[in-house]
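Here is what each chain is made of, one letter per residue.
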Amino acid sequence: MEEAGKPKGELVIRTIAMPADTNPSGDIFGGWIMSQMDLGSGILALKTAKTRVVTVAMDGMSFLQPVRVGDRVACYAWVEKIGRTSMKIPVEVWVERYMTGEQVRVTHAVFTYVAIGADGRPIAVQRQD
Ligand SMILES: CC(C)(COP(=O)(O)OP(=O)(O)OC[C@H]1O[C@@H](n2cnc3c(N)ncnc32)[C@H](O)[C@@H]1OP(=O)(O)O)[C@@H](O)C(=O)NCCC(=O)NCCS
């Protein structure tokens, strides 16, 4: 199991895992976590490109530890690479365990976004540097 001491990147979304987010066995759905990651990294992509963006790929999704009802879920993300129209944004998900407050990294993946224009076609990302 990979070890990581503290979150990397900026906090992009924070929420709480609720009973409605579980499967019939009472475990939190992986798809719910992926959706939080997509929302969070999408905020960073939008902030970076300052235009409409779409998710084009999601790579290396690893679920390292379970998420439980009541856990405080936080997504951290950073822009790793800006291409012509695309942005690679790694995301880490950390939880603060319900009651104990223990901090655990539960999931990570790399999301790729593409900046698009009104016609839905890719447009160049304006670089800040
Ligand atoms: C995103 C989309 C506009 C790209 O269109 P396209 O014709 O493939 O465009 P291009 O081939 O010019 O690729 C655009 C950029 O995306 C990158 N890209 C395309 N497919 C990729 C993939 N699978 N993984 C990583 N990057 C990818 C290209 O490398 C290129 O990057 P660059 O400009 O920085 O060099 C189109 O694929 C699309 O609309 N997809 C659906 C997106 C969507 O609806 N997402 C939500 C899912 S519900």
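Refer to the structure presented above.
First, a word on what this report is: a plain description of the structure on this page. All of these numbers come straight from a predicted model, not from anything done at the bench. (Residues numbered from 1 in each chain as written. Predicted model: local features only at pLDDT ≥ 70, side-chain atom pairs only at ≥ 80, totals over all residues. Heavy atoms only, no water.)

What follows covers the site of the ligand. Close contacts around the ligand come from 14 residues, with T55, R84, T85, S86 and R121 the closest. In this structure, S86 approaches the ligand through a side-chain N or O atom, which is 2.6 Å from an oxygen atom. Elements represented by at least two residues in the shell around the ligand include exactly β2 (53-63) and β6 (103-115). It is β2 that contributes the most residues to the shell around the ligand, four residues altogether. Of the residues that constitute the shell around the ligand, the class distribution is six nonpolar, six polar and two charged. (Near = heavy atom within 4 Å. Polar contact = N/O pair within 3.5 Å; in protein donor to acceptor, adjacent residues only side chain to side chain. Helix = DSSP H or I, 4+ residues; strand = E, 2+ residues; numbered from the N terminus. Nonpolar A, V, L, I, M, F, W, Y, C, P; charged D, E, K, R; others polar.)

Mapped onto the elements, M37 comes out in helix α1 (residues 30-49). Sequence separation of M37 and F111 is 74 residues, and the distance between their C-alpha atoms is 8.5 Å. Not counting residues up to four positions away in its chain, the partners in contact with M37 are M61, C75, V91, V93, T107, H108, A109, F111 and Y113. (Contact = heavy atoms within 4.5 Å.)

For the rest of this paragraph, the subject is the pairing of strand β5 (residues 86-96). In regular strands, side chains alternate between the two faces of the sheet. Taking burial as the measure, the 11 residues of β5 include eight buried ones, the bulk of the element. Pairing of strand β4 (residues 81-82) with β5, which is carried by two bridges, proceeds in the antiparallel orientation. For I82, the partnering residue across the bridge sits in β5 and is M87. Remark: three residues form the turn of the hairpin made by β4 and β5, two consecutive strands paired antiparallel. The sheet contact formed by β5 and β6 spans 11 bridges and is antiparallel. Following the sheet pairing, W94 is matched in β6 by R105. From the end of β5 to the start of β6, which pair antiparallel, there are six residues, and M99 there has a positive phi angle of about 75°. (Buried < 20%, exposed > 50% of the residue type's maximum accessible area, 1.4 Å probe, protein only. Pairing = 2+ DSSP bridges.)

All chains considered together, the criterion is met by one aromatic pair. Between F111 and Y113, the aromatic rings sit 6.4 Å apart at their centres with planes inclined by 20°, giving stacked as the arrangement. Of the two residues examined, F111 and Y113, each falls in the buried class. (Phe/Tyr/Trp six-rings, centres within 6.5 Å; stacked < 30°, edge-to-face > 60°.)

Take the environment of Q126 next. Note on placement: Q126 falls in the segment after β6. Judged by relative accessible area, Q126 falls into the exposed class, the value being 57%. Along the sequence, Q126 and I13 sit 113 residues apart, while their C-alpha atoms lie 24 Å from each other.

With respect to the element layout, W94 can be found in strand β5. W94 gets classed as buried once you look at its relative accessible area, which sits at 3%. Between the C-alpha atoms of W94 and D71, which are 23 residues apart in sequence, the distance is 9.6 Å. Separated by 2.9 Å, the side chains of W94 and E92 make a polar contact.

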